[in-house]
Amino acid sequence: MEPSTERVVSKPLVYRNERKYALTNTDLGWVETVVRSHPSMFFRPFPARYINNIYFDTSSFENYNDNQLGSPLRHKFRIRWYGEQFGLIENPVLEIKIKKGCSGAKRHFSLSPIVLKKGISKTDLKTVFANSNLPLEIQESLKFLEPTLLNRYFRKYYLSANRKFRVTLDTQLRYTRISSHQNYFLRIAKNDSDVVMEMKYDVEDDQAAGSVSSGFPFRLTKNSKYVNGVDHLDLW
């Protein structure tokens with residue numbers, strides 16, 4: 001499941017697999033009908049919500065390039081929160097997504113509150129990190145990273161009746177340039193016609209996932225919101 005808005009700390013890594021479907025110019029209502037009519041009897045476990053992220057990368061966009069090249073081991077750093085995009089963010093979370101081959105895991109660390117407003121810079125975010133009691137190794141990693149992308153989307157959640165497979169549907173995708181210097185959020189790219197569907201499950205359920213996936217009339221694709229945002233805004 002997605003982390004809640006409560007304060008969280010890093011927990012032991014649990015690797016999961018995911019299958020992605022980037023559905024272009026697709027009606028969300030039709031996709032939801034397909035999911036609800038699936039033999040796995042998907043249901044809505046909790047309400048939909050907006051998800052916001054600030055992504056970090058090196059000055060040479062190493063994370064972006066690693067994704068493009070399909071590197072077997074990748075790390076992605078982002079700040080995540082739910083609800084309103086701007087203003088006081090009371091419970092932001094530093095999320096580190098670790099990708100090993102086809103499997104992925106996440107580490108979560110609570111951050112001090114952030115006020116996301118015009119004029120915010122890397123210095124302001126560094127102050128948040130300094131005030132958040134992060135492990136030393138994480139602090140060291142963050143020294144080499146810069147904010148590169150702010151994104152936002154609306155996510156709906158579905159869970160199979162046996163609770164082994166989770167499907168998410170993301171729409172209203174927004175990508176905004178954010179840099180190390182003062183930001184006024186003027187470079188924005190929008191995508192309202194696509195639906196990004198993801199199915200996630202434990203590694204040991206990979207064989208059964210093939211049967212579940214075959215019940216969707218969609219083609220599996222490679223998809224990264226971070227890569228899409230960088231490409232849409234021509235940041236690299």
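Above this text is the structure in question.
Residues numbered from 1 in each chain as written. Predicted model: local features only at pLDDT ≥ 70, side-chain atom pairs only at ≥ 80, totals over all residues. Heavy atoms only, no water.

*Asks:* I'd like to hear about the layout of surface pockets, residue by residue, with values.
*Replies:* Considered as a void within the structure, the second largest pocket measures approximately 480 Å³ in volume. Forming the boundary of the second largest pocket are 22 residues, of which E18, K20, R74, K99 and N223 lie nearest the centre. Mapped onto the lining of the second largest pocket, the elements with two or more residues apiece are β1 (16-23), α2 (62-69), β3 (73-82) and β5 (93-100). It is β1 that provides the largest number of residues to the lining of the second largest pocket, a total of four residues. Its residues assigned to classes, the lining of the second largest pocket comprises four nonpolar, nine polar and nine charged. (1 Å grid on protein atoms, 1.4 Å probe; cavity = no way out; pocket = protein on both sides within 12 Å on 5 of 7 lines; lining within 4 Å. Points joined across faces, edges and corners; volume = space filled by probe spheres on them. Helix = DSSP H or I, 4+ residues; strand = E, 2+ residues; numbered from the N terminus. Nonpolar A, V, L, I, M, F, W, Y, C, P; charged D, E, K, R; others polar.)

*Asks:* Residues and numbers for the side chain of D194, please.
*Replies:* Mapped onto the fold, D194 is located in the loop between β10 (188-191) and β11 (195-202). It is R174 that comes nearest to the buried, bridge-free D194 among opposite-charge side chains, at 11 Å. A polar contact is formed between the side chain of D194 and the side chain of N191, at a distance of 2.9 Å. Within the local environment of D194, its side chain forms a polar contact with the side chain of S193, the two groups lying 3.3 Å apart. If near-sequence neighbours (up to four positions away) are discounted, D194 is found in contact with L23, T24, N25, D170, T171 and L173. (Buried < 20%, exposed > 50% of the residue type's maximum accessible area, 1.4 Å probe, protein only. Lys, Arg positive; Asp, Glu negative; His and termini not counted. Salt bridge = Lys/Arg side-chain N within 4 Å of Asp/Glu carboxyl O. Polar contact = N/O pair within 3.5 Å; in protein donor to acceptor, adjacent residues only side chain to side chain. Contact = heavy atoms within 4.5 Å.)

*Asks:* Can you break down the pattern of salt bridges residue by residue, with the values?
*Replies:* Scanning the model with the defined rule gives 18 salt bridges in all. In this structure, D205 engages K164 in a salt bridge whose closest nitrogen and oxygen atoms are separated by 4.0 Å. Of this pair, D205 sits in the loop between β11 and α5 (206-214) while K164 sits in the loop between β8 (146-159) and β9 (166-177), and the two are 41 residues apart along the sequence. Given the relative accessible area of 41%, K164 is considered partly exposed. When the shortest N-O distance is used, the salt bridge between R174 and D192 registers 2.7 Å.

*Asks:* Would you mind going over the pairing of β10 in detail, with residue names and values included?
*Replies:* Only one face of β10 is buried: it carries A189 and N191, and the other face, with I188 and K190, is open. Pairing analysis gives four bridges linking β9 to β10, with the strands arranged antiparallel. Bridge assignment links L173 to a residue of β10, and that residue is N191. (Pairing = 2+ DSSP bridges.)

*Asks:* An account of the environment of N65 is requested, with residue identities and associated values reported.
*Replies:* Looking at where N65 falls in the secondary structure, it is placed in helix α2. Taking the C-alpha atoms as reference points, N65 and R80, separated by 15 residues in sequence, lie 22 Å from one another. Apart from residues lying up to four places away in sequence, N65 is in contact with S60 and W236.

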